[in-house]
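Chains, contacts and geometry: an overview
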Protein chains: 2
Amino acid sequence: MNTYIEQNKDRFLNELLELLRIPSVSADSKFKGDMIAAAEYVKKSILQAGADKAEIYETAGHPVVYGEKIIDPSLPTVLIYGHYDVQPADPYDLWDSPPFEPVIKNERIYARGACDDKGQFYMHIKALETMIATGSLTCNVKMMIEGEEEIGSDNLETFVKAHRDLLKCDTILISDTSIIANDVPSIETGLRGLTYVEVEVVGANRDLHSGVYGGGVANPINILCEMIASMKDENGHITIPGFYDKVVDLSEEERNALNSAPFDLDEYKRDLGIDDITGEKGYTTIERTSVRPTLDVNGIWGGYIGEGAKTVLPSKANAKISMRLVPHQTDKEICELFSRHFESIAPASVKVKVTPHHGGLPYVTPTDSVEYRAAELAMEESFGKKPIPTRGGGSIPIVALFEQELGRKSILMGFGLDIDSLHSPNESYGLFNYYKGIETIPLFFKHYAELKK
Amino acid sequence: MNTYIEQNKDRFLNELLELLRIPSVSADSKFKGDMIAAAEYVKKSILQAGADKAEIYETAGHPVVYGEKIIDPSLPTVLIYGHYDVQPADPYDLWDSPPFEPVIKNERIYARGACDDKGQFYMHIKALETMIATGSLTCNVKMMIEGEEEIGSDNLETFVKAHRDLLKCDTILISDTSIIANDVPSIETGLRGLTYVEVEVVGANRDLHSGVYGGGVANPINILCEMIASMKDENGHITIPGFYDKVVDLSEEERNALNSAPFDLDEYKRDLGIDDITGEKGYTTIERTSVRPTLDVNGIWGGYIGEGAKTVLPSKANAKISMRLVPHQTDKEICELFSRHFESIAPASVKVKVTPHHGGLPYVTPTDSVEYRAAELAMEESFGKKPIPTRGGGSIPIVALFEQELGRKSILMGFGLDIDSLHSPNESYGLFNYYKGIETIPLFFKHYAELKK
């Protein structure tokens with residue numbers, strides 16, 4: 001099997017690069033046409049891999065691509081999930097090379113979506129091709145590649161509910177996460193949830209002269225800053241009433257297991273170019289970024305942001321704010337708590353508005369399941385090392401939805417690295433990781449089929 | 001004389017409209033050509049009014065236009081100051097008509113610069129024409145119209161220092177301020193100073209995934225918000241150490257005089273569309289906007305501000321912050337206090353930078369001077385009411401410079417109104433005010449010459 005991968009490695013790479021050239025940004029409507037082109041490309045790739053069929057399903061938003069290869073109904077069925085949409089690429093000026101013109105440098109593929117998630121889900125298409133071509137496919141395979149993961153998978157719930165039979169499976173395999181290092185394989189057993197809102201603070205009905213009115217009329221920017229600042233106390237705890245009510249602290253054992261993962265603070269700081277870390281008091285960096293909830297401003301704007309100076313007292317200020325959630329917190333409830341609190345702390349001198357963007361539930365998977373064991377064996381075989389179970393800080397709203405609608409757990413067997421700069425300029429994905437994934441996935445199928453016997 | 005104004009009123013208006021069509025925005029380099037066109041137009045207008053000469057003087061920035069009419073060296077000389085540059089017009093979408101395509105609606109001229117300061121300094125050119133045409137000029141007149149008032153008059157100091165003899169005068173007359181109402185004339189006897197800075201807060205060396213790093217790495221936007229919020233306490237007092245050291249509280253008498261000016265809070269709120277006012281505890285709105293210093297964020301930006309949601313933990317955040325100053329505070333000292341404080345409160349997890357933009361000293365003029373008396377008599381004659389001395393909240397850096405370099409006080413005899421929306425969309429200037437100014441200015445010259453006898 002590895003011979004087949006070896007013989008086709010250049011084509012496997014070029015096919016991915018072609019997909020990376022399509023700017024499929026789901027958040028920005030001006031890329032609508034590219035979203036469709038990307039879906040078409042994914043459909044074509046699944047068919048070329050040898051699937052029985054592949055189709056594009058329209059939704060209220062961006063289309064979902066579904067394909068399958070059913071070799072024997074009596075064999076276990078694995079549903080592969082991935083997403084062909086990518087994060088916006090701006091700020092473009094911080095990219096060393098154009099985000100949608102992939103280049104290979106020091107054994108890495110540089111492009112928006114190289115790792116998240118085009119590079120990772122495409123590994124599954126190439127793994128499928130490999131298993132079919134080498135007659136080593138041991139399970140039935142279903143693939144669902146969506147186009148709205150980066151904007152909250154808003155329409156996927158409707159799709160999944162409407163196609164429960166089509167998506168019927170024994171387990172779900174997803175590659176959209178990272179390993180600790182190329183020589184330290186790991187599997188994510190948990191993900192944080194997400195609540196994302198946009199807020200607006202409005203003062204006077206027009207921009208004002210800061211000399212004539214300054215000091216006597218509310219400045220929406222100053223007030224937005226005060227409101228945001230007030231939402232965390234001096235220990236980095238979030239002050240929204242009820243925010244932590246559902247949060248369960250990990251046991252000493254769980255904390256030790258979590259913190260036993262290799263982590264070099266100095267290297268971490270060096271990589272990020274920071275003198276010091278920060279965060280919620282009483283927790284380690286690993287905990288702060290995986291098992292603790294957060295509140296981050298993702299964007300803020302207001303007043304005059306052009307060249308030079310303008311002495312304006314602006315009429316309004318806006319911010320995009322997201323909160324990462326941990327098990328038992330629900331995106332809907334936290335969104336309500338945030339909105340109620342934000343409105344309650346607004347002074348009478350301004351009017352505020354909170355607009356929810358999207359959310360997702362947190363997720364945890366057990367490490368004693370057949371599918372986890374299969375992933376563990378697969379990685380152990382391909383990496384030569386037993387993978388470490390970790391908790392991820394990101395969010396893949398879909399996994400909670402799968403559990404709820406399909407009654408199945410998802411296995412997060414990703415192959416990315418922290419240095420991949422997901423959502424950042426110069427996103428990249430290692431060639432080692434791309435090929436290692438294509439090599440590991442068939443091993444998952446092999447072990448899963450055996451364990452299910 | 002008023003006959004002459006009456007006979008030429010349409011031309012007086014059309015000449016101003018032509019000037020308003022030139023987008024002379026000094027803050028934005030893309031309007032550089034328009035700045036020169038505006039200077040040329042001003043020079044031409046001064047010559048057509050009958051001046052002996054008018055010239056354009058280059059500076060390191062935008063040019064200064066100077067013109068003069070010397071009728072008799074033994075007569076007093078009045079220096080007219082004004083500025084042909086205007087504030088940026090954005091946000092353009094909030095204008096009911098294009099900012100540089102002036103329209104007349106309900107007896108008002110709508111355009112950027114209609115009042116600030118094109119409409120107001122152009123009154124002086126038309127007043128000069130009127131006095132010369134009607135043989136009623138009683139003083140020598142010098143005019144200096146600059147192009148950098150809205151960006152701090154950075155190069156005017158050099159110009160004034162280099163041309164002390166050229167600018168030699170007995171007093172300076174400026175129309176760049178407002179009256180309380182068309183039936184309540186007033187003269188500004190004080191102005192606030194200004195310190196304007198731009199700040200930058202930098203966290204990680206690149207934008208990060210808010211899920212992978214959120215909670216463990218500093219978010220520059222959250223931190224900028226916290227730093228800005230911390231610069232005012234719950235009473236609206238500015239917390240920068242030493243900020244108030246030089247501020248002298250007004251005497252009970254001065255406060256009473258100031259607060260005796262007509263002010264209708266309900267109408268004020270209604271005009272601004274706000275439910276409540278705000279500001280420094282223990283002071284009235286009139287005091288907060290004229291004799292008390294301020295700290296306002298004029299612009300803020302950071303992270304993702306495009307359509308939809310991007311879960312990014314941004315690398316940096318920026319803000320433009322200005323402080324209005326009152327007598328005895330100096331822009332340079334306050335700028336240093338701000339910078340030192342801002343750097344001192346920055347947490348170790350970020351790096352901060354403060355870039356001073358421009359500043360200006362506060363100013364106060366006595367009400368017992370010959371020139372104030374002349375302005376008082378002129379307004380009393382044209383409005384039929386004695387003007388009320390007021391303290392303005394805005395800043396005209398040049399007046400402090402004049403006092404320092406030319407040893408002369410300035411008289412701020414402006415004709416605008418609060419409803420003129422200076423620096424805002426839909427700036428306007430009343431036709432009544434434009435013509436009332438042209439009518440009042442010659443009366444100032446008349447009374448000034450008599451009082452100086």
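Residues numbered from 1 in each chain as written. Chains lettered and ligands numbered in written order. Predicted model: local features only at pLDDT ≥ 70, side-chain atom pairs only at ≥ 80, totals over all residues. Heavy atoms only, no water.

What follows is about the overall build of chain A. In terms of helices and strands, chain A carries 12 helices and 18 strands. Relative to the 2.2 N^0.38 estimate, which gives 22 Å for 453 residues, the radius of gyration of chain A is 23 Å and therefore close to what a compact globule would have. C-alpha extents for chain A along the principal axes are approximately 80 × 50 × 45 Å. The contacts in chain A between residues at least 6 apart in sequence include a share of 79% that link residues at least 24 apart. Both charge centroids of chain A, one from 46 positive and one from 69 negative side chains, sit 2 Å from each other. (Helix = DSSP H or I, 4+ residues; strand = E, 2+ residues; numbered from the N terminus. Rg over C-alpha atoms; globule rule 2.2 N^0.38 Å. Contact = heavy atoms within 4.5 Å. Lys, Arg positive; Asp, Glu negative; His and termini not counted. Charge placed at Lys NZ, Arg CZ, Asp CG, Glu CD.)

So, on to the relation of the copies chain B and chain A. By a simple turn and slide, chain B fits onto chain A: the slide is 0.0 Å along the axis, the RMSD is 0.1 Å, and the turn is 180°. Put plainly, the chains are arranged around a two-fold axis. Both copies contact each other with a shared surface, as 100% of the interface residues of chain B are interface residues in chain A too. (Least-squares fit on C-alpha atoms with pLDDT ≥ 70 in both.)

Looking now at the interface of chain B and chain A. At the interface, 87 residues of chain B touch 87 residues of chain A. With both sides pooled, the region where chain B packs onto chain A buries about 7400 Å², and carbon together with sulfur makes up 51% of that total. A salt bridge links Lys351(A) to Asp275(B), with the nearest nitrogen and oxygen atoms 3.9 Å apart. Put simply, the parts of the chain that give the side of chain B that touches chain A at least two residues each are β9 (193-202), β10 (208-209), α5 (220-230), α7 (265-272), β11 (296-303), β12 (312-313), β13 (316-325) and β14 (351-360) of chain B. With eight residues, β11(B) is the single largest residue contributor to the side of chain B that touches chain A. In terms of residue class, the side of chain B that touches chain A is made up of 32 nonpolar, 33 polar and 22 charged. As defined by bridge partners, strand β11 (residues 296-303) of chain A adjoins β11(B) across five bridges and the pair is classed as antiparallel. Residue pairing in the sheet places Ile300(A) in a bridge with Gly302(B) of β11(B). (Buried area = accessible area lost by both parts, 1.4 Å probe. Salt bridge = Lys/Arg side-chain N within 4 Å of Asp/Glu carboxyl O. Nonpolar A, V, L, I, M, F, W, Y, C, P; charged D, E, K, R; others polar. Pairing = 2+ DSSP bridges.)

What follows deals with the sheet that holds strand β4 (residues 103-105) of chain B. By way of backbone hydrogen bonds, the strands of a sheet pair with one another, either parallel or antiparallel. All names here are of chain B. Judged by pairing direction, the sheet is antiparallel, and its three strands sit side by side in the order β4-β5-β18 without closing on themselves. The open sheet is flanked by β4 and β18 (428-430), the only strands paired with a single partner. The sheet shows a mean angle of 30° between the axes of neighbouring strands, direction not considered. For β4 and strand β5 (residues 108-110), the ladder comprises three bridges, and the chain directions are antiparallel. The residue of β5 that forms the bridge with Val103 is Tyr110. Lying on the sheet, helix α1 (residues 2-20) is in contact with β4 and β5; it crosses β5 at an angle near 20°. (Axes fitted to C-alpha atoms, helices over the stretch in contact; angles between N-to-C directions.)

On to the UniProt feature "domain: Peptidase M20 dimerisation" (unreviewed entry) in chain A. As recorded in UniProt, the sites labelled "domain: Peptidase M20 dimerisation" (unreviewed entry) are residues 190-347 of chain A. Overall, residues 190-347 of chain A shows 28% helix and 22% strand. The separation of its end C-alpha atoms is 39 Å. (UniProt positions renumbered as here; feature names shortened; annotations may be inferred.)

A few words on the packing of aromatic side chains. Each aromatic ring pair is summarised here by two numbers: the centre-to-centre distance and the angle between the ring planes. Scanning all chains against the criterion turns up 30 aromatic pairs over all chains. Ring plane angle 10° and centroid distance 6.3 Å describe the contact between Phe383(A) and Phe415(A), whose orientation is recorded as stacked. Taken together, the positions of Phe383(A) in helix α10 (residues 370-383) and Phe415(A) in the loop between β17 (410-412) and β18 (428-430) put the pair 32 residues apart, joining distant regions of the chain. Classification of Phe383(A) by relative accessible area gives buried; the value is 15%. For Phe415(A), a relative accessible area of 0% puts it in the buried group. Members of the aromatic cluster, connected to one another through ring pairs, are Tyr41(A), Phe121(A) and Tyr122(A). Sitting over the face of the ring of Tyr110(B), Lys105(B) holds its NZ or CZ atom 4.8 Å from the ring centroid. If you follow Lys436(B) out to its NZ or CZ, it ends over the ring of Phe383(B), 5.4 Å from the centre. (Phe/Tyr/Trp six-rings, centres within 6.5 Å; stacked < 30°, edge-to-face > 60°. Buried < 20%, exposed > 50% of the residue type's maximum accessible area, 1.4 Å probe, protein only. Lys NZ or Arg CZ within 6 Å of the ring centre and 35° of its normal.)

Another point: helix α9 (residues 331-344) of chain B. Residues and elements named next belong to chain B. Compared with an ideal rise of 1.5 Å per residue, which puts 14 residues at 20 Å, α9 spans 20 Å between its outermost C-alpha atoms and is within 8% of the ideal. Among the residues of α9, Asp331, Ile334, Cys335, Leu337, Phe338, Ser339, His341 and Phe342 are the ones counted as buried. The inward-facing, buried residues of α9 abut β9, α5, β13 and β14. (Expected span 1.5 Å × (residues − 1).)

All names here are of chain A. In spatial order, the strands read β4-β5-β18; together these three strands make up an open sheet with antiparallel pairing. Since the sheet does not close on itself, it has two edges, and those belong to β4 (103-105) and β18, each with one partner. Strand-to-strand twist in this sheet, taken as the mean axis angle between neighbours without regard to direction, amounts to 30°. Across the sheet, helix α1 (residues 2-20) touches β4 and β5 (108-110), and the angle it forms with β5 is around 20°. Against the sheet, helix α12 (residues 431-452) contacts β4, β5 and β18, and its axis sits at roughly 60° relative to β18.

In this section: the domain arrangement of chain A. Residue and element names in this part refer to chain A. Split by domain assignment, chain A resolves into domain 1 (2-191 + 362-452) and domain 2 (193-247 + 293-360). Taking the mean C-alpha position of each, domain 1 and domain 2 sit 35 Å from one another. Opposite the 12 residues of domain 1 that make contact, domain 2 presents 12 residues. Area buried by domain 1 at its contact with domain 2 is led by Pro362, Ser395 and Pro397, which between them contribute 56% of it. Seen at the junction of domain 1 and domain 2, the total is zero salt bridges. Summed over the shared surface of domain 1 and domain 2, the number is one residue pair in polar contact (both at pLDDT 80 or more). For the side of domain 1 that touches domain 2, the residue count by class is five nonpolar, four polar and three charged. (Domains from an automatic or database assignment. Polar contact = N/O pair within 3.5 Å; in protein donor to acceptor, adjacent residues only side chain to side chain.)

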